[in-house]
Amino acid sequence: MIINPYRFAGFTDPTDIAGCDLWLDASDNSTVLDATDAEASDNEAVKTWQDKSGNANHAVQSTVTNQPVRRAAEVNGLDALDLDGSNDFMEGTSDMTPRQTDEKTIFVVSKFDALANMVIFSPYNLSAPSGARGSLFYNTSVGLGYAVVGGYESSTDETIGTTNPNIHTYSQSGSGNLFDVMTQWEDGVELTRTNGADIALADATGGYAVGYWNSSQYFNGRMCEIIIYDTELSTADREAVETYLADKWGITL
């Protein structure tokens, strides 16, 4: 199913805002491919999730036992990818354009199947150095947050459950310490940091990973849409993307 003919928040799709570096959209079945590079059928394993940003930074998983599964009409009547929380994940085919210390804005729409310690998305799937990596995570003790090697910030103000999807938004203003440059929202509401360990972000880049970091804490749920911009979006632009995603995936802001 392709949603683009409908207009949300005054624009056709996320590429109408400058700086779209990655756009993965599970509702567009033409971008969700099986092992033969054909459109994946319902309940079929997915080898490739194509990037719609124009940068061809596709998410790929060649190992059959680690491939997510396409589920048709799973979330608000739209298709989603099912990651089993055991060993399913996908990785980008090239490094992200914005480095760890650069401005960026990340949007992830997902629906949890369980509340467990897990990584939702890693823009930089790195194990070193300190201050590098970048993982959007959920932890049953410290809540929803963003982690790097040696530091993290998180909030227990989140209201994530297993019934409805959520929009996770993370914005970075540039280089510096994690606490100073990173802001997060859930379903359009800014979250207050309640836990964390501050650290200076490292100047590093790397490929992204959907649903895990460094072979651990696999995501258990439905992955719907991921969008990354190589700049800190204005409030108006951030809210426009959140409105587009909310209208599309049936989320209340």
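Residues numbered from 1 in each chain as written. Predicted model: local features only at pLDDT ≥ 70, side-chain atom pairs only at ≥ 80, totals over all residues. Heavy atoms only, no water.

Observations regarding helix α2 (residues 235-249)
We apply this condition: Put simply, DSSP H or I for four residues or longer makes a helix, DSSP E for two residues or longer makes a strand, and each gets a number counted from the N terminus. Helix span, as expected, comes to 1.5 Å for every residue beyond the first. Relative accessible area decides the class of each residue, using a 1.4 Å probe on protein chains only: under 20% of the type maximum gives buried, over 50% gives exposed, and in between gives partly exposed.
With 15 residues, α2 extends 21 Å between its outermost C-alpha atoms, agreeing within 8% with the 21 Å of an ideal straight helix rising 1.5 Å per residue. Along α2, the positions that sit buried rather than exposed are Arg238, Ala240, Val241, Glu242, Tyr244, Leu245, Ala246, Lys248 and Trp249. In the segment just after α2, Gly250 is the residue with positive phi, at about 75 degrees.

Examining the sheet that holds strand β10 (residues 133-139)
Basically, it comes down to this: The pairing criterion is simple: DSSP has to find at least two bridges between the two strands.
The strand order across the open sheet built from 10 strands is β2-β3-β4-β7-β17-β9-β10-β11-β12-β16, with neighbouring strands paired in antiparallel fashion. For this open sheet the edge positions go to β2 (32-33) and β16 (195-197), each flanked by a neighbour on one side alone. Looking at chain direction, β10 and strand β11 (residues 143-148) are connected through six bridges and run antiparallel. Bridged to Ser135 within β11 is Ala147.

What to know about the pattern of salt bridges
Selection rule: Each salt bridge in this description consists of a side-chain nitrogen of Lys or Arg and a carboxyl oxygen of Asp or Glu lying within 4 Å of one another.
Under the definition given, this model contains 13 salt bridges. With a closest N to O distance of 2.9 Å, Arg71 and Asp82 form a salt bridge. Highlighted residues: Arg71 in strand β5 (residues 69-75) and Asp82 in strand β6 (residues 78-84), separated in sequence by 11 residues. Note that Arg238 is salt-bridged to Glu242, the shortest N-O span being 3.0 Å. Of the two residues, Arg238 and Glu242 both sit in helix α2, four residues apart, roughly one turn of that helix. Per residue, the accessibility class of Arg238 equals that of Glu242, and both read buried. In this structure, a network of salt bridges that share partners links the residues Arg71, Glu74, Asp82, Lys111, Asp113 and Arg222.

A look at the pairing of strand β13 (residues 166-172)
Burial of β13 is extensive: seven of the seven residues sit out of reach of the surface. Burial along β13 is two-sided: Asn166, His168, Tyr170 and Gln172 and Ile167, Thr169 and Ser171, pointing in opposite directions, are all buried. Where β13 lies against strand β14 (residues 182-186), five bridges are found, and the strand directions are antiparallel. Across the sheet, residue His168 finds its bridge partner in β14, namely Glu186.

Comments concerning the side chain of Ser27
Our working definition: Think of a polar contact as two N or O atoms within 3.5 Å of one another; within protein, one of them needs to be a possible hydrogen donor and the other a possible acceptor, and neighboring residues in sequence only count if both atoms come from side chains.
Within the element layout of this structure, Ser27 appears in the loop between β1 (20-25) and β2. Among the residues examined, Ser27 registers a relative accessible area of 0% and is labelled buried. Within the local environment of Ser27, its side chain forms a polar contact with the side chain of Asp25, the two groups lying 2.7 Å apart.

Concerning the environment of Asp42
Put simply, the test is: Residues count as neighbours in contact if any of their non-hydrogen atoms are within 4.5 Å of one another.
Relative to the assigned elements, Asp42 resides in the loop between β2 and β3 (48-49). For the pair Asp42 and Ala72, spaced 30 residues apart in sequence, the C-alpha to C-alpha distance is 5.4 Å. In contact with Asp42, other than residues within four places in its own chain, are Arg70, Arg71 and Ala72. A distance of 2.9 Å separates a polar atom in the side chain of Asp42 from the backbone nitrogen of Ala72.

Regarding the nonpolar core
We apply this condition: Put simply, buried Ala, Val, Leu, Ile, Met, Phe, Trp, Tyr and Cys residues joined by side-chain atoms within 4.5 Å make one nonpolar core.
Judged by nonpolar contacts, the single largest core of 42 residues is most densely connected at Trp49, Leu81, Phe121, Val210, Met223 and Ile226. Ignoring sequence-local partners within four residues, the contact set of Ile226 consists of Leu22, Trp23, Leu24, Trp49, Phe107, Val108, Phe121 and Val210. Phe107, Leu233, Tyr244 and Leu245 belong to the second-largest nonpolar core, a separate cluster that totals 19 residues.

Quick notes on the confidence of the model for the protein chain
The condition that has to hold: Confidence scores here are pLDDT values: one per residue, from the predictor, ranging 0 to 100.
Averaged over all residues, the pLDDT of the protein chain is 92; the fraction at 70 or higher stands at 94%. Across residues 1-9, confidence stays below pLDDT 50; counting only partners more than four residues off in sequence or on other chains, it has 25 contacts.

Points about the side chain of Thr105
Within the secondary structure, Thr105 is located in strand β8 (residues 104-112). Residue classification places Thr105 among the buried positions, given a relative accessible area of 1%. For Thr105, the side chain forms a polar contact with the main-chain oxygen of Thr231, separated by 2.8 Å. Excluding its chain neighbours within four sequence positions, the residues that come into contact with Thr105 are Thr169, Tyr170, Ser171, Ile227, Ile228, Tyr229, Thr231, Glu232 and Leu233.

Re the layout of surface pockets
Cut-off, in case you're wondering: Grid spacing is 1 Å over the protein atoms alone, the probe is 1.4 Å, and a cavity is where that probe fits but cannot get out, while a pocket is an open set with protein on both sides within 12 Å along at least five of seven lines and lining residues have an atom within 4 Å of a point. Grid points are joined across faces, edges and corners, and a volume is the space filled by probe spheres set on the points. Each residue receives one of three labels: charged for Asp, Glu, Lys and Arg, nonpolar for Ala, Val, Leu, Ile, Met, Phe, Trp, Tyr, Cys and Pro, and polar for the others, Gly being one of them.
The calculated volume of the largest pocket comes to roughly 190 Å³. If you go around the largest pocket, you meet 14 residues; those closest to its centre are Val119, Arg133, Phe137, Ala147 and Gln217. When contributions to the lining of the largest pocket are tallied by element, the ones reaching two or more residues are β10 and β12 (151-155). Looking at the lining of the largest pocket element by element, the count peaks at five residues for β10. Here the residues of the lining of the largest pocket are counted per class, giving seven nonpolar, six polar and one charged.

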